[in-house]
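Below, each chain spelled out in residue letters.
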Amino acid sequence: MLTLDDFDFHLPPELIAQHPAVERTASRLLHPVHETLHDRQFAELPQLIEPGDLLVFNDTRVIRARLFGHKDSGGQLEVMIERIVDRGHAVAQIRASKSPRPGSRIVLENAFALTVTGRTGEQSEFFTLELSGDGDLYTLIEQYGHLPLPPYITHAAALDDETRYQTVFARHPGAVAAPTAGLHFDEAMLATLCARGVELAWLTLHVGAGTFQPVRVKNLAEHRMHAERFDIPQTTVDAIERTRARGGRIIAVGTTSLRALEAAAQRGELRAGAAETDIFITPGYRFRIVERLITNFHLPKSTLLMLVSAFAGTDTLRAAYRHALVQRYRFFSYGDAMLLERANNAL
């Protein structure tokens, strides 16, 4: 039985990428094939994708989810929006010297006020918030909020981050973290892929702040994933069916795309529509849809590291990460990428 320690590794801090590559496609690409590790450049990706294959992208857009403010009592706090429920309600994490009580009022960015109505669960780290007075939370957060760079990036969001921490195909606002595998693609590469006969499809999964929450149990079977919203259009389901009919492969761009596709196929066939998923993919999971995966390198002991280990095989992933450390690959959101082949674990 695998435990949390099976997904730990030492990462030198200097390998955590603090800024993106000069060009989106200028990152490196590690491609494990069987027992061979190929060091490539991300710009080579179109040559590694066959005509007739399908790439599935997550077109979520990162909202300006980090806000600073104070309680009515004067205490300072920081709010990270987890999700906007509707124009007057949100779920968020609140960092303060003392957690606000239900019924208390907070003022954000000296611009608008929210009432803390409770928590999403008895042991939950997320608070439910209600807008005080008129207004629209979508508009207020976009106007006054700050881009929520991940906690391992040490600088405050700058002008360059406003562009580079969004994918070029970001369309639907709602995420508080970028689907980082998609950050490597630019318009020119998308055009090259299409010219090569590769089909492109889209889904939306709004990445929540829970993606950075650590696993706090040794026995992975006791861990409960945070839920994330996704929406898969019928056009994407149709594209997957066409690809399978012609013998092409389904390639997920990012773990978020993979999670959405696999979650939507839990009852057998892939279904279009909107839903929430708390699917927790660990080694032993039998994949139904995705055959190849483009992904960045992930945090030690993270659920995403467990997911990619399930996809490519634990031994393959361990060898790939050891190689990446020796070869000084850049890690995490602004770092380098991998192209992974699915291990023999499909239904």
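A.B. asks: Give me the lowdown on the nonpolar core, citing residues and values where you can.
C.D. replies: With 65 residues, the main nonpolar core has Tyr165, Ile232, Leu258, Leu261, Leu270 and Phe331 as its most contacted residues. Among the elements that make up this core, the one with the highest residue count is helix 7 (residues 303-312) (seven residues). The next biggest cluster of nonpolar side chains, apart from the first, holds 26 residues, and it includes Ile63, Ile84, Ile94 and Phe126.

A.B. asks: Requested: an account of the packing of aromatic side chains, with residues and values cited.
C.D. replies: For the structure on display, the rule yields 17 aromatic pairs. Note on Phe9 and Tyr321: the rings are 5.3 Å apart at their centroids and 70° apart in plane angle, and the pair reads as edge-to-face. Separated by 312 residues along the polypeptide, Phe9 in the segment before strand 1 (28-33) and Tyr321 in helix 8 (residues 314-326) bring together distant segments of the chain. The two residues Phe9 and Tyr321 agree in class, both being buried. Here the aromatic residues Phe9, Tyr152, Phe297, Tyr321, Tyr329, Phe331 and Phe332 are joined through ring pairs into a cluster of three or more.

A.B. asks: Could you give me a rundown of the sheet that holds strand 8 (residues 105-108), with the residues and numbers involved?
C.D. replies: The antiparallel closed barrel is built from six strands, whose spatial order is 5-6-7-10-9-8. Neighbour-to-neighbour, the strand axes of the sheet open up by a mean angle of 45°, direction not taken into account. Looking at chain direction, strand 8 and strand 9 (residues 112-119) are connected through four bridges and run antiparallel. Within the sheet, the bridge partner assigned to Arg105 lies in strand 9 and is Thr115. Contacts between helix 2 (residues 137-144) and the sheet are confined to strand 5 (66-71), strand 6 (76-86), strand 7 (89-96), strand 9 and strand 10 (127-131), with strand 6 contributing the most and set at about 140° to the helix.

A.B. asks: Quick one: what's the story with the side chain of Asp161, residue by residue and with numbers?
C.D. replies: Take Asp161: it is sitting in helix 3 (residues 159-164). One buried charged residue, Asp161, forms no salt bridge at all, with the nearest opposite charge on Arg164 at 8.4 Å. Here the side chain of Asp161 touches Ala158 through a polar contact of 2.8 Å, landing on its backbone nitrogen. A polar contact is formed between the side chain of Asp161 and the side chain of Tyr334, at a distance of 2.7 Å. Apart from residues lying up to four places away in sequence, Asp161 is in contact with Leu147, Leu149, His155, Ala156 and Tyr334.

A.B. asks: Would you mind going over helix 6 (residues 255-264) in detail, with residue names and values included?
C.D. replies: Since one α-helical turn is 3.6 residues long, residues separated by three or four positions face the same way. A large share of helix 6 lies buried, amounting to 10 of its 10 residues. Those residues of helix 6 not exposed but buried are Thr255, Thr256, Ser257, Leu258, Arg259, Ala260, Leu261, Glu262, Ala263 and Ala264.

A.B. asks: Outline the layout of surface pockets, listing residues and values.
C.D. replies: Approximately 580 Å³ is the volume attributed to the largest pocket. Lining the largest pocket are 23 residues, and of these Phe126, Gln213, Arg224, Met225 and His226 sit closest to its centre. Of the residues that constitute the lining of the largest pocket, the class distribution is six nonpolar, nine polar and eight charged. Roughly 460 Å³ of volume is contained in the second largest pocket. Taken together, 22 residues form the lining of the second largest pocket, with Arg66, Glu78, Met80, Arg95 and Pro151 sitting closest to its centre. Put simply, the parts of the chain that give the lining of the second largest pocket at least two residues each are strand 5, strand 6 and strand 7.

A.B. asks: Any details on the packing of helix 7 against helix 8? Residues and values, ideally.
C.D. replies: At a minimum axis separation of 6 Å, helix 7 and helix 8 run at an interaxial angle of 120°. Counted together, Leu305, Val308, Ser309 and Ala312 of helix 7 and Thr314, Thr316, Leu317 and Tyr321 of helix 8 form the full contact between these two elements. For the contact of helix 7 with helix 8, the class distribution of residues is five nonpolar, three polar and no charged.

A.B. asks: So, the packing of helix 6 against helix 7: which residues are in play, and what are the values?
C.D. replies: With their axes 11 Å apart at the nearest point, helix 6 and helix 7 run at an angle of 70° to one another. By the angle between their axes, helix 6 is roughly perpendicular relative to helix 7. Crossing angle aside, the handedness with which helix 6 passes helix 7 is left-handed. Packed against helix 6, whose contacting residues are Thr255, Leu258 and Arg259, the element helix 7 presents Leu304, Leu307, Val308 and Phe311 at the interface. Residue composition of the contact of helix 6 with helix 7, by class: five nonpolar, one polar and one charged.

A.B. asks: Can you lay out the pattern of salt bridges for me, pointing to particular residues and giving the numbers?
C.D. replies: All chains considered together, the criterion is met by 17 salt bridges. Salt-bridge contacts for Arg171 lead to Asp59; the nearest nitrogen and oxygen are separated by 3.5 Å. Of this pair, Arg171 sits in the loop between helix 3 and strand 11 (172-175) while Asp59 sits in the loop between strand 3 (54-58) and strand 4 (60-62); the two residues are 112 residues apart in sequence, bridging distant segments of the chain. Judged by its relative accessible area of 45%, Arg171 is partly exposed. Notably, a salt bridge pairs Glu199 with Arg242, separated by 2.2 Å at the nearest N-O pair. Separated by 43 residues along the polypeptide, Glu199 in strand 12 (residues 199-206) and Arg242 in helix 5 (residues 234-245) bring together distant segments of the chain. Judged by its relative accessible area of 17%, Glu199 falls in the buried class.

A.B. asks: Describe in detail unusual backbone geometry, supporting the description with residues and values.
C.D. replies: The residue His34 is not glycine, and still its phi comes out positive at about 55°. One non-glycine residue, Asn110, adopts positive backbone phi at about 50°. Mapped onto the elements of the fold, Asn110 is located in the loop between strand 8 and strand 9. The class for Asn110 is exposed, based on a relative accessible area of 69%.

Rules behind the numbers
- Residues numbered from 1 in each chain as written.
- Predicted model: local features only at pLDDT ≥ 70, side-chain atom pairs only at ≥ 80, totals over all residues.
- Heavy atoms only, no water.
- Core = buried A, V, L, I, M, F, W, Y, C linked by side-chain atoms within 4.5 Å.
- Buried < 20%, exposed > 50% of the residue type's maximum accessible area, 1.4 Å probe, protein only.
- Helix = DSSP H or I, 4+ residues; strand = E, 2+ residues; numbered from the N terminus.
- Phe/Tyr/Trp six-rings, centres within 6.5 Å; stacked < 30°, edge-to-face > 60°.
- Pairing = 2+ DSSP bridges.
- Axes fitted to C-alpha atoms, helices over the stretch in contact; angles between N-to-C directions.
- Contact = heavy atoms within 4.5 Å.
- Lys, Arg positive; Asp, Glu negative; His and termini not counted.
- Salt bridge = Lys/Arg side-chain N within 4 Å of Asp/Glu carboxyl O.
- Polar contact = N/O pair within 3.5 Å; in protein donor to acceptor, adjacent residues only side chain to side chain.
- 1 Å grid on protein atoms, 1.4 Å probe; cavity = no way out; pocket = protein on both sides within 12 Å on 5 of 7 lines; lining within 4 Å.
- Points joined across faces, edges and corners; volume = space filled by probe spheres on them.
- Nonpolar A, V, L, I, M, F, W, Y, C, P; charged D, E, K, R; others polar.
- Parallel < 35°, antiparallel > 145°, perpendicular 65-115°, else oblique.
- Left-handed = near helix turned anticlockwise from the far one by under 90°.

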